[in-house]
Amino acid sequence: MTIRERYLQAYDEQLRTDAETPGALRVARLGPLRLATFAGGLGFVTYRDLGDTAVHGLPGLVTGAIEHFLSDPEIDKILWKVRQHDRNPGLAEALMQQGFSPGDEESIMVGPLEGLCANVPEPEGVALRRVTSEADVRAACAMADEVFGDPVDPRTADAMLDRLARKDGMELWVAEADGRIVCSGRLEPVPESEFAGIWGGATLNAYRGRGIYRALTAARARSAIAHGKTLAHSESTEFSRPILEQSGLLKISSNTPYWRR
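In this report, the structure presented in the accompanying data block is examined.

If you add up the space inside the second largest pocket, you get close to 150 Å³. Lining the second largest pocket are Arg130, Thr132, Arg163, Leu164, Lys167, Asp168, Gly169, Met170, Glu171 and His227. Its residues assigned to classes, the lining of the second largest pocket comprises two nonpolar, three polar and five charged.

Let's shift gears to unusual backbone geometry. Positioned with a positive phi, Asp178 is a non-glycine residue whose angle comes to about 55°. By secondary structure assignment, the location of Asp178 is in the loop between strand 8 (171-177) and strand 9 (180-189). Unlike most non-glycine residues, Glu192 shows phi in positive territory, near 55°. Note on placement: Glu192 falls in the loop between strand 9 and strand 10 (195-203).

Turning our attention to helix 6 (residues 134-147). In this model, helix 6 (14 residues) spans 20 Å end to end at C-alpha, consistent with the 20 Å of a helix rising 1.5 Å per residue. Taken together, the buried positions of helix 6 are Asp136, Val137, Ala140, Cys141, Met143, Ala144, Asp145 and Val147. Buried residues belonging to helix 6 abut strand 7 (127-131), helix 7 (154-166), strand 8, strand 9 and strand 10. Just downstream of helix 6 lies Gly149, where phi reads positive at about 75°.

Moving on to the nonpolar core. Membership of the largest hydrophobic core comes to 40 residues, with the highest contact counts inside it found for Leu116, Val137, Leu172, Val182, Cys183 and Ile212. When contributions to this core are tallied by element, the ones reaching two or more residues are helix 5 (113-117), helix 6, helix 7, strand 8, strand 9, strand 10 and helix 8 (212-226). The contact partners of Leu172, leaving out residues within four places of it in the chain, are Arg129, Arg130, Val131, Val137, Ala140, Met160, Gly185 and Arg186. Core analysis: the next-biggest nonpolar cluster, separate from the first, contains 21 residues, Leu33, Trp80, Val82 and Ala92 among them.

The rules behind each value
Note that residues are indexed from 1 along each chain, following the sequence as it is written. Where totals are concerned, whole chains, interfaces and linings use all residues; where local detail is concerned, this predicted model gives features only for residues with pLDDT of at least 70, and gives and counts side-chain atom pairs only at 80 or more. Side-chain measures were taken over the full set of non-hydrogen atoms in the model, leaving aside hydrogen atoms and water. Only protein atoms enter the 1 Å grid used here. Points where a 1.4 Å probe fits but cannot escape make up a cavity, open sets with protein on both sides within 12 Å along at least five of seven lines make up a pocket, and a residue lines them when an atom lies within 4 Å of a point. Grid points are joined across faces, edges and corners, and a volume is the space filled by probe spheres set on the points. Put simply, Ala, Val, Leu, Ile, Met, Phe, Trp, Tyr, Cys and Pro go in the nonpolar bin, Asp, Glu, Lys and Arg in the charged bin, and everything else, Gly too, in the polar bin. The way it works is that DSSP assigns letters per residue, a run of H or I at least four long becomes a helix, a run of E at least two long becomes a strand, and they are numbered from the N terminus. A helix is expected to span 1.5 Å for every residue after the first. Note on classification: 1.4 Å probe, protein chains only; a residue is buried when its accessible area is under 20% of the maximum for its type, exposed when over 50%, partly exposed between these limits. A contact between two residues is defined here by any heavy atoms of the two lying within 4.5 Å. Note on terminology: a nonpolar core comprises buried Ala, Val, Leu, Ile, Met, Phe, Trp, Tyr and Cys residues joined through side-chain atoms within 4.5 Å.

Encoded structure:
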């Protein structure tokens, strides 16, 4: 077994379980699907293996998932992740036929946490810290909305604050420069696994190319190692993938998010 194959096996076995939805308000089952409801109006569809349904029953599963979430008036968007290495013929077509649209493909990255910490200088004039206060959380979420070109949605910060209050293990980290938060990201240690997730990286355009994202990733990796974790996993855009590859993470597959709004 190659190292990539070992990482992919560990990813499927250790992460495609309840570990994938630690911040969910509730999770329901529909055949092989897990339907997770999150604060902020998000319905999330995931699964470990579609099995024979991938051939015979996809339209019904997609319809059932949509009906489940539409029964909740607070849900205004549904996310269904399609992974490249899964056996799911016809899934993308079934989703688009029922109103889903594909987003940008993301790289699924896995590798040793210690590689993310090696030889990473802290950029001059930048402070890195873990945040928990409501003011800091709201400022970090608003900055991330700005980076992704979205209007500021207070529900995003509400969901983050709810998770921090529930103490589910998630950590929010930020980088500050020139008196404001310029980069943020989450750390999600996965219980009873080798993994910690590196999620939500966002850096303001004016501050890219200065090593800030890499330094914030290193800070999160050090925290994960302190939790006893050895492997990092992340789903990365083309902005962050090269940085993670330079630190020893491998692309083991890819994911295309399908959205219904």
